[in-house]
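# Observations on the three-dimensional arrangement
Okay, here's what each chain looks like letter by letter:
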Amino acid sequence: APFAPPPPLLRLPLSSIAPPPRTSPPTPPASPASASAPAASTSSSAPASTSTPTASASSAAPASSAAPASHAPSPIPVHPTPLDVRIHGVWYDLSGWLSKHPAGAHWLEWYGGRDATEVMDGFHSEKGRKMYTRLPRSFPPSRVEGLEASLGPDTPTQLAFRKLRADLYAAGWWQRDMRHEAKLLAIWGAVGLSAVFFAHSPLPHAGKLSAFLLSLFFTQSGWLGHDYVHGVDKFSDRMRYLATTCGGLAVTWWSTKHNKHHALTNEIGVDEDIATDPFLYTWAPSPENDSPLRKIQHLIFFVPFSFLFALWRVDTFKVALDAVKQNRPGARKELRYLCLHYAAVLAAFPLSVFLPAVLLSGLMSALIVTPTHQSEEMFEGYQSDWVTAQFLSTRNAVTTNPFSEWIWGGMQYQLEHHLFPSMPRSKYPALRNILIDFAADNDVPGGYRESGEFAIQKMNWDLYRRVARADPVPGAPSSRGDGQQGAISDFDLSPANALAK
Ligand code: HEM
């Protein structure tokens, strides 16, 4: 069957520090449903696919719900239009499911008029994936034709990826290896207990050793917690709050921020992982977003890196308190776990151990999380071929020794993880060759990307240095949609909401 070519990707070439041109991918062909649609986008930074034909329903929307009074984030209780989302080739109307979606309405809003197959497969348990098939289909057929014409068919790469995923699933790649899990948890526990022991030991330098061990414990709590929030089996459900009780990082905060990074990787203005300015810049900013510190960022990068966990801990509390104020389900439990974390940690460790450990774990984690994406392509618009976009925006690190293999916490297999976030990490090494073949078979631009663990750090540092030396670029895109929580919950940037206006 003939396939339309994927929409052009807006890329930042590796050698470039200048931002991509302020252009949008071409508007999809007009469809019967979109012909009478009002201007879809109200924001110059709105994603290109805001011109999807869900607009037809906006004229039918009640006047009172046509324009929101404010740019309030989710939850958005009632959606005024059908919310059409394509999953595995079928268009569903998710408007009735909006207020019930466990992770919040904003996720569904974002996919209005778009294909959500990969995020549906990537983030959901088998139960969640069965649920959507029972939701109402988009109607009438003319509307579906319009939606289909606007979005275009799935690309061969997407279809090949879905087949690969189905084959892996059938072959048991999501079954957790409990021996591997027990080993990881035993090492982590031993490190934590040793940190407590040395915190109370009279030995010389015991305090420093305790701080170092505690920083390893916090870093590994982050990686293990990360595994379990992504996980879709019963074991990960039971372990879901590990990062909260042991690492001081709340699941609600993390799930939103991190899944957004997974869904919309390296999309400027949406992915918070690349929104590190004004402390660190990964492209030359426009003058109004610039900071004098940028000129020396390659010399002082370790300072903001060190504060990463401290900042995350503060953000965590903000989100957890907000969730309690909004009476969200599970919010009080999460806040209790956070309080338990601080009570336990401060009972076991003096501040002279705890505070350096937070800084050191921030530094370690930032050294691990920053280099695997930010030297790769960044996108100024929404990427409809999520699979290709993951290959373009991700680079693996090849570790050279058992300590590195452990400290990277699975993040070295960044591409495997991005394409299959809910798969247990023990499977990733074996997946590498399969993905190398997949990239070759599907002519993925740039292929499977990996570099040595030190080379990738050098690439990251080179990027900071290049950007430090660059002049500001008027009109360069802003890294933020709408503050720290990001653009995904911004009303204007949701295609469906923009159309509802
Ligand atoms: C349209 C795009 C969608 C996106 C981007 C999305 C995103 C997410 C995210 C990020 C989570 C949180 C995962 C976690 O922290 O563990 C989640 C959870 C969940 N979502 Fe969705 N979702 C979408 C559609 C749906 C649909 C259509 C259904 C079912 C009708 C659904 C059902 C669920 C359920 C049941 C959970 C709880 C976890 C699970 O059992 O899988 N979602 N979703």
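What you see is a predicted model; the values in this text were computed from it and never measured.

### So, the overall build of the protein
For the protein, the helix and strand inventory stands at 22 helices and four strands. When each of the 501 residues of the protein is scored for burial, the buried share is 48%. In the protein, once contacts between residues fewer than 6 apart in sequence are set aside, the share between residues at least 24 apart is 73%.

### Let's talk about the nonpolar core
Core analysis: the largest hydrophobic core is formed by 76 residues, its most contacted members being Ala 195, Leu 213, Leu 214, Phe 217, Ala 250, Trp 254 and Val 467. Element by element, the count of residues in this core is highest for helix α8 (residues 206-230), at 11 residues. With residues up to four places along the chain from it excluded, the contact list for Trp 254 reads Val 229, Ala 243 and Leu 249.

### Considerations on helix α5 (residues 141-151)
Taken together, the buried positions of α5 are Arg 143, Gly 146, Leu 147, Ser 150 and Leu 151. All buried residues of α5 fall inside an arc of 120° around its axis, so they share one side. Residues Pro 141 and Ser 142 are exposed on α5 and point more than 90 degrees away from its buried face. For α5, the elements touching its buried residues are β1 (84-87) and β2 (90-93). Just beyond α5, the residue with positive phi is Gly 152, at close to 85°.

### Quick look at the site of the ligand
Around the ligand lies a shell of 24 residues, among which Ala 103, Ala 116, His 124, Gly 128 and Ser 255 are the nearest. Elements with a minimum of two residues in the shell around the ligand: α2 (105-110), α3 (117-123), α4 (126-131) and α11 (251-263). Of the residues that constitute the shell around the ligand, the class distribution is 17 nonpolar, six polar and one charged.

### Some details on unusual backbone geometry
Trans is the prevailing form of peptide bonds, just as negative phi is the prevailing case for residues other than glycine. Following Phe 139, the chain continues to Pro 140 via a peptide bond in cis, the omega torsion being -5°. Examined against the element boundaries, Pro 140 turns out to sit in the loop between α4 and α5. Along the chain, Asp 277 connects to Pro 278 via a cis peptide bond; the corresponding omega equals 10°. Position of Pro 278 relative to the elements: it lies in the loop between α11 and α12 (297-300). Even without being a glycine, His 205 presents a positive backbone phi close to 60°. Inspection of the secondary structure puts His 205 in the loop between α7 (178-199) and α8. With phi around 60°, Asn 327 is a residue other than glycine that occupies positive phi space. Mapped onto the elements of the fold, Asn 327 is located in the loop between α14 (308-325) and α15 (331-348).

### A closer look at the confidence of the model for the protein
The predicted model of the protein has a mean per-residue pLDDT of 82, with 80% of residues at 70 or higher. Below pLDDT 50 for its whole length, residues 1-80 participates in 173 contacts with residues either more than four positions away or in separate chains. Across residues 483-501 the pLDDT falls below 50, and counting only partners more than four positions away or on other chains, this stretch makes 72 contacts in the model. Predicted complex metrics record ipTM = 0.97 and pTM = 0.82.

### Some points on the pairing of β2
Note on strand geometry: in a regular strand, side chains alternate between the two faces of the sheet. When β1 meets β2, the two strands line up antiparallel, connected through four bridges. What sits directly across from Ile 87, in β2, is Val 90. Following β1, the chain reverses through two residues before pairing antiparallel with β2; His 88 in that reversal takes a positive phi of roughly 50°.

### Points about the environment of Trp 254
Relative to the helices and strands, Trp 254 is located in helix α11. Sequence spacing of Trp 254 and Pro 156 is 98 residues, and the spatial spacing of their C-alpha atoms is 33 Å.

### Let's talk about the environment of Glu 416
Structurally, the position occupied by Glu 416 is in helix α19 (residues 414-419). Exposure remark for Glu 416: the 22 C-beta atoms within 10 Å place this residue in the buried category. The residues contacting Glu 416, other than those within four sequence positions of it, are Tyr 428, Leu 431, Arg 432 and Leu 435.

### A few points about the domain arrangement of the protein
Entries for the protein in the domain assignment read domain 1 (48-153) and domain 2 (178-470). A C-alpha centroid distance of 30 Å is found between domain 1 and domain 2. Each partner contributes residues to the interface: domain 1 has 12 residues there, and domain 2 has 12 residues. Ranked by residues supplied to the side of domain 1 that touches domain 2, first place goes to α3 with four residues. Taken together, the residues of the side of domain 1 that touches domain 2 sort by class into five nonpolar, four polar and three charged.

Analysis parameters
- Residues numbered from 1 in each chain as written.
- Predicted model: local features only at pLDDT ≥ 70, side-chain atom pairs only at ≥ 80, totals over all residues.
- Helix = DSSP H or I, 4+ residues; strand = E, 2+ residues; numbered from the N terminus.
- Buried ≥ 20, exposed ≤ 12 C-beta atoms within 10 Å, placed from the backbone.
- Contact = placed C-beta atoms within 7 Å.
- Core = buried A, V, L, I, M, F, W, Y, C linked by C-beta atoms within 7 Å.
- Arc of directions from axis to C-beta.
- Near = placed C-beta within 6 Å.
- Nonpolar A, V, L, I, M, F, W, Y, C, P; charged D, E, K, R; others polar.
- pLDDT = per-residue confidence, 0-100.
- Pairing = 2+ DSSP bridges.
- Domains from an automatic or database assignment.

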